[in-house]
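Understanding the architecture of this molecule
Here are the chains, one letter per residue:
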Amino acid sequence: MCGRYSLRAEEGRIMRQFELYQTPRLIRRYNIAPSQSIPIVRLTPDGQRECVMVRWGLLPSWSKEPKTDYSTINARAETVATKPAFRTAFRSRRCLIPADGYYEWAVRPGSKTKQPYYIGLQDGEMFAFAGLWERWQREDTVIESCTIIVTEANELTRTIHDRMPVILGERDYASWLSAAARQTELLQSLLKPFPSERMRAYPVSTAVNSPRNDSETCIKAVDEESG
DNA sequence: CCAGACGTTGTT
DNA sequence: GTCTGG
DNA sequence: CCAGACGTTGTT
DNA sequence: GTCTGG
């Protein structure tokens, strides 16, 4: 699963990696939580890439109330093509979600508290989660939202948790964004665990537990025991 | 036909 | 919106 | 994901 | 215990 992440990269770096002409104004984030407004990269109706802020926690267009349901912050890769809450977005509203690390909480045997880990690429560089976005509209209120797709964990992340977010390599960005709705097999083939060899994970302090803490402390390595 | 659900995770 | 359950 | 709140009435 | 807020 993926319920917290960081995005420290600067706007220029994001524009380069995602081939954008502009981004919204962004500040460094160390502890992004569900329900917050996050930048996503998607295609405009005429096929241009754009970066916009949307709410994390997908709100289906048919929802009666526009409240965030925590259960839609992630979508299972195995079922995303068919579940009512996600399938229409899977067909035509896929997005990339820039990030440079995410957090998982490992259950520690014999301890009531969990050990948070910070997980990312080996070089700490920015990457993209595979995501979906949706638009909810009633009268004059429009709410755009998104979800992060998750899959089974790889060898590295499995030591912490049995699920992990889908990370896309740069070569797959265009396919993910623009594949035709019927190319289910191609799309599905992109939703695989990222290679362990290119990732790293280390324990961090429980400061990250509270979404109020949004500083470098969240990503600083600590010894396992000191949680 | 209409009503009601539509999600994921972790824990029990 | 669309499918399932009654 | 974790943290933090969670309620009504009557009186001042 | 369970829901809401971040």
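For the structure given in this document, a descriptive report is provided here. (Residues numbered from 1 in each chain as written. Chains lettered and ligands numbered in written order. Predicted model: local features only at pLDDT ≥ 70, side-chain atom pairs only at ≥ 80, totals over all residues. Heavy atoms only, no water.)

**Some words on the side chain of Arg29**
Examined against the element boundaries, Arg29 turns out to sit in strand β2 (residues 29–32). At 3.2 Å, the side chain of Arg29 forms a polar contact with the backbone oxygen of Asn31. Excluding its chain neighbours within four sequence positions, the residues that come into contact with Arg29 are Ser6, Leu7, Arg8, Gln36 and Asp214. (Helix = DSSP H or I, 4+ residues; strand = E, 2+ residues; numbered from the N terminus. Polar contact = N/O pair within 3.5 Å; in protein donor to acceptor, adjacent residues only side chain to side chain. Contact = heavy atoms within 4.5 Å.)

**Points about the environment of Arg93**
Note that Arg93 resides in the loop between α2 (87–92) and β6 (94–99). Along the backbone, Arg93 and Ala181 are 88 residues apart, and their C-alpha atoms lie at a distance of 9.6 Å. Residues in contact with Arg93, not counting those within four places in the same chain, are Thr88, Gly131, Leu132, Trp133 and Glu134. Separated by 3.0 Å, the side chains of Arg93 and Glu134 make a polar contact.

**Things to note about the protein's contact with DNA strand E**
As a matter of local geometry, DNA strand E sits amid Arg4, Ala33, Pro34, Ser35, Gln36 and Pro211. Of all DNA strand E atoms lying within 4 Å of any protein atom, the proportion belonging to sugar or phosphate reaches 8%. Within the side chain of Ser35, one N or O atom sits 2.5 Å away from a base nitrogen of DNA strand E. In the surface near DNA strand E, the residues fall into 3 nonpolar, 2 polar and 1 charged. (Near = heavy atom within 4 Å. Nonpolar A, V, L, I, M, F, W, Y, C, P; charged D, E, K, R; others polar.)

**Observations concerning helix α1 (residues 11–18)**
Taken as a whole, α1 has its buried residues at Glu11, Ile14, Gln17 and Phe18. Axial view of α1: buried residues confined to an arc of 135°, hence all on one face. The inward-facing, buried residues of α1 contact β1 (5–7), β3 (37–43), β4 (49–56), β6, β9 (127–138) and α3 (173–178). Immediately downstream of α1, the backbone of Glu19 shows phi near 55°, a positive value. (Buried < 20%, exposed > 50% of the residue type's maximum accessible area, 1.4 Å probe, protein only. Arc of directions from axis to C-beta.)

**Structural notes on the nonpolar core**
Grouped together as the largest cluster of nonpolar side chains are 59 residues, with contacts concentrated most on Tyr5, Phe129 and Trp176. For this core, the element with the most residues is β9, which contributes 6 residues. Residues in contact with Trp176, not counting those within four places in the same chain, are Phe90, Arg94, Cys95, Leu96, Ala130, Gly131, Leu132, Ile149, Leu168, Leu187, Leu190 and Leu191. Grouped together as the second largest cluster of nonpolar side chains are 8 residues, Tyr30, Tyr103, Val204 and Cys218 included. (Core = buried A, V, L, I, M, F, W, Y, C linked by side-chain atoms within 4.5 Å.)

**Some words on the protein's contact with DNA strand D**
Taken together, Met1, Gly3, Arg4, Pro34, Tyr70, Ile73, Trp105, Lys114, Asn209, Ser210 and Arg212 make up the full set of residues near DNA strand D. Asn209 places a side-chain nitrogen or oxygen 3.3 Å from a phosphate oxygen of DNA strand D. Interatomic distance of 3.0 Å between a side-chain N/O atom of Arg212 and a phosphate oxygen of DNA strand D.

Function cannot be read off these values alone, since they describe shape.
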